[in-house]
Amino acid sequence: MEETETEKEIEEGKDAIWCRETVPQVMKLVCSSLPLTLSQTDLISLLLVSPWLNRTLLSSQPLWQSLSFRESNNAGNRLIAALSLPRYRHVKKIDLEFGRDVEDSHLILIKQKCFESLQCLESLNLNGCQKISDTGIEAITSCCPQLKIFSIYWNVRVTDTGLKQTVQNCKYIVDLNISGCKNISDRGLQCVAENYPELVSLNLTRCIKITDDGLKQLLHKCLSLQSLNLYALSSFTDEAYKKICLLEHLKFLDLCGAQNLSDEGLSYISKSKNLASLNLTWCVRVTDKGVISIAQNCTSLEFLSLFGITGVTDKCLEELSKSCSDKITTLDVNGCIGIKRRSREELLRLFPNLKCFKVHS
């Protein structure tokens, strides 16, 4: 009986060592991948498993560098509560996309109470937070001197003032999404152009107050751009489109709805020879001539949409196949009534690596 109890004590001792030493050691090894595989809720649940595991997890700084309240209720108050915890003192990424109940007052309080916690922040997503105005933008960006990625998609309350304050507060932004911010004009874009020469990605979708003058200023100064989204901006003319050729590093260009873009403008754009993705959906003035200039110069093209362009024919596809046959994986010729080669077999003969294609019936 005594021997059995002794064995039991030994086993319990082994279990204690396992919990106290082995589990934390294993957790240290896997901590680097946990942020990619576990949600914040899961991580917090793990904190409650044991004191040893709690200490191990809290000592792993990378686990607590990201906060997400995407599509969450009471997101503003929850963010304040999280940033008040010591473990989030070095947060690098905050995602509030479509988080409900995020207002200027929350961002002002964060500036007052949690200023130090945001000094390392590199990525801030405020997409769809429509209750935020220039006041909130000024408050939150004043806390983020290291910000590199900033997204405020679909916010009609933010104006040039908010964008100017962002530029003044955050000197290192390389990825900016102001899609749907309909009150931003050439004045705001001028601030971007003059202060972000290293800008790599810019989304101006539906920024309808921006004119040729604003776009030209940007294209002359932001020469490092690799991604430019001009979706649903129909007022630009070739005068501005021609300046896109200045962007030698451009890989992604969305011109959907560019109703004034002509073959001449497209021939200038084709000088951006590193283009891999080009959306020409509803560019109704474009014909074979413009697409052929793209085919002859942009030989790295992988994605091309000609959706709704009635002025293109099989001729431009033949030219594309000469230079991009092994590169193009996505092709949309839906609504291109001049293109007759539309069967799967015919398109695969021209573009053998095609994985996704759309054609009119």
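**Quick word on the packing of aromatic side chains**
Under the defined criterion, the tally for this structure stands at six aromatic pairs. Taken together, a centroid distance of 5.9 Å and an interplanar angle of 55 degrees make the contact between F98 and W154 tilted. Taken together, the positions of F98 in the loop between β2 (93-95) and α6 (104-113) and W154 in the loop between β4 (149-151) and α8 (160-169) put the pair 56 residues apart, joining distant regions of the chain. Centre to centre, the rings of F236 and Y241 are 6.3 Å apart; their planes meet at 90 degrees, and the pair counts as edge-to-face. A residue is classified by how much of its surface remains accessible, and F236, at 0% relative accessible area, is buried.

**Considering unusual backbone geometry**
Although it is not a glycine, F98 sits at a positive phi angle of roughly 55 degrees. Overall, F98 belongs to the partly exposed group, its relative accessible area being 29%. Phi is positive for W154, close to 60 degrees, though the residue is something other than glycine.

**Things to note about the side chain of T141**
With respect to the helices and strands, T141 occurs in helix α7 (residues 134-141). A polar atom in the side chain of T141 sits 3.0 Å from the side chain of N169. Not counting residues within four places of it along the chain, the set of residues in contact with T141 comprises F150, Q165, T166, N169 and C170.

**Comments concerning the pattern of salt bridges**
For the coordinates displayed, the defined rule picks out ten salt bridges. Note that E239 and K216 form a salt bridge whose closest N and O atoms lie 2.5 Å from each other. Placement of E239 in helix α11 (residues 238-241) and of K216 in helix α10 (residues 212-221) is noted, with a sequence separation of 23 residues between them. Taking the relative accessible area as the measure of exposure, K216 reaches 16% and is therefore buried.

**Here we look at the environment of S133**
Inspection of the secondary structure puts S133 in the loop between β3 (123-125) and α7. Linking S133 and D104, residues 29 residues apart in sequence, is a C-alpha distance of 6.6 Å.

**A word on the side chain of N203**
With respect to the helices, strands and loops of the structure, N203 is situated in strand β6 (residues 201-203). Among the polar contacts listed, one links the side chain of N203 to the side chain of T205, at a separation of 2.7 Å. Once residues lying within four places of it in the same chain are set aside, the contact partners of N203 are L176, N177, I178, S179 and N229.

**Observations regarding the pairing of strand β11 (residues 330-333)**
Each regular strand shows side chains that alternate between the opposite faces of the sheet. When strand β10 (residues 303-305) meets β11, the two strands line up parallel, connected through three bridges. Residue F303 lies in a different strand from β11, and its bridge partner there is T330. With helix α14 (residues 314-324) bridging β10 and its parallel neighbour β11, the resulting β-α-β unit is right-handed.

**Examining α14**
Working note: α-helix, 3.6 residues per turn, so residues spaced by three or four point in the same direction. Taken together, the buried positions of α14 are D314, C316, L317, E319, L320, S321 and C324. Where the residues of α14 are buried, they touch α13 (288-297), β10, β11 and α15 (344-350).

**Focus on α13**
The element α13 is largely enclosed, with a buried count of seven among its ten residues. Those residues of α13 not exposed but buried are D288, G290, V291, I292, S293, I294 and A295. Lining the buried residues of α13 we find α12 (263-269), β9 (277-279) and α14.

**Here's the deal with the packing of helix α5 (residues 75-83) against α6**
Packing of α5 against α6 leaves a shortest axis separation of 9 Å and a crossing angle of 10 degrees. By the criterion of interaxial angle, the relationship of α5 to α6 is roughly parallel. Of the residues in α6, those touching α5 at G76, N77, L79, I80 and L83 are H106, L109 and I110. Here the residues of the contact of α5 with α6 are counted per class, giving five nonpolar, three polar and no charged.

Analysis parameters
Residues numbered from 1 in each chain as written. Predicted model: local features only at pLDDT ≥ 70, side-chain atom pairs only at ≥ 80, totals over all residues. Heavy atoms only, no water. Phe/Tyr/Trp six-rings, centres within 6.5 Å; stacked < 30°, edge-to-face > 60°. Helix = DSSP H or I, 4+ residues; strand = E, 2+ residues; numbered from the N terminus. Buried < 20%, exposed > 50% of the residue type's maximum accessible area, 1.4 Å probe, protein only. Polar contact = N/O pair within 3.5 Å; in protein donor to acceptor, adjacent residues only side chain to side chain. Contact = heavy atoms within 4.5 Å. Salt bridge = Lys/Arg side-chain N within 4 Å of Asp/Glu carboxyl O. Pairing = 2+ DSSP bridges. Right-handed = clockwise from strand over helix to strand, strands pointing away. Axes fitted to C-alpha atoms, helices over the stretch in contact; angles between N-to-C directions. Parallel < 35°, antiparallel > 145°, perpendicular 65-115°, else oblique. Nonpolar A, V, L, I, M, F, W, Y, C, P; charged D, E, K, R; others polar.

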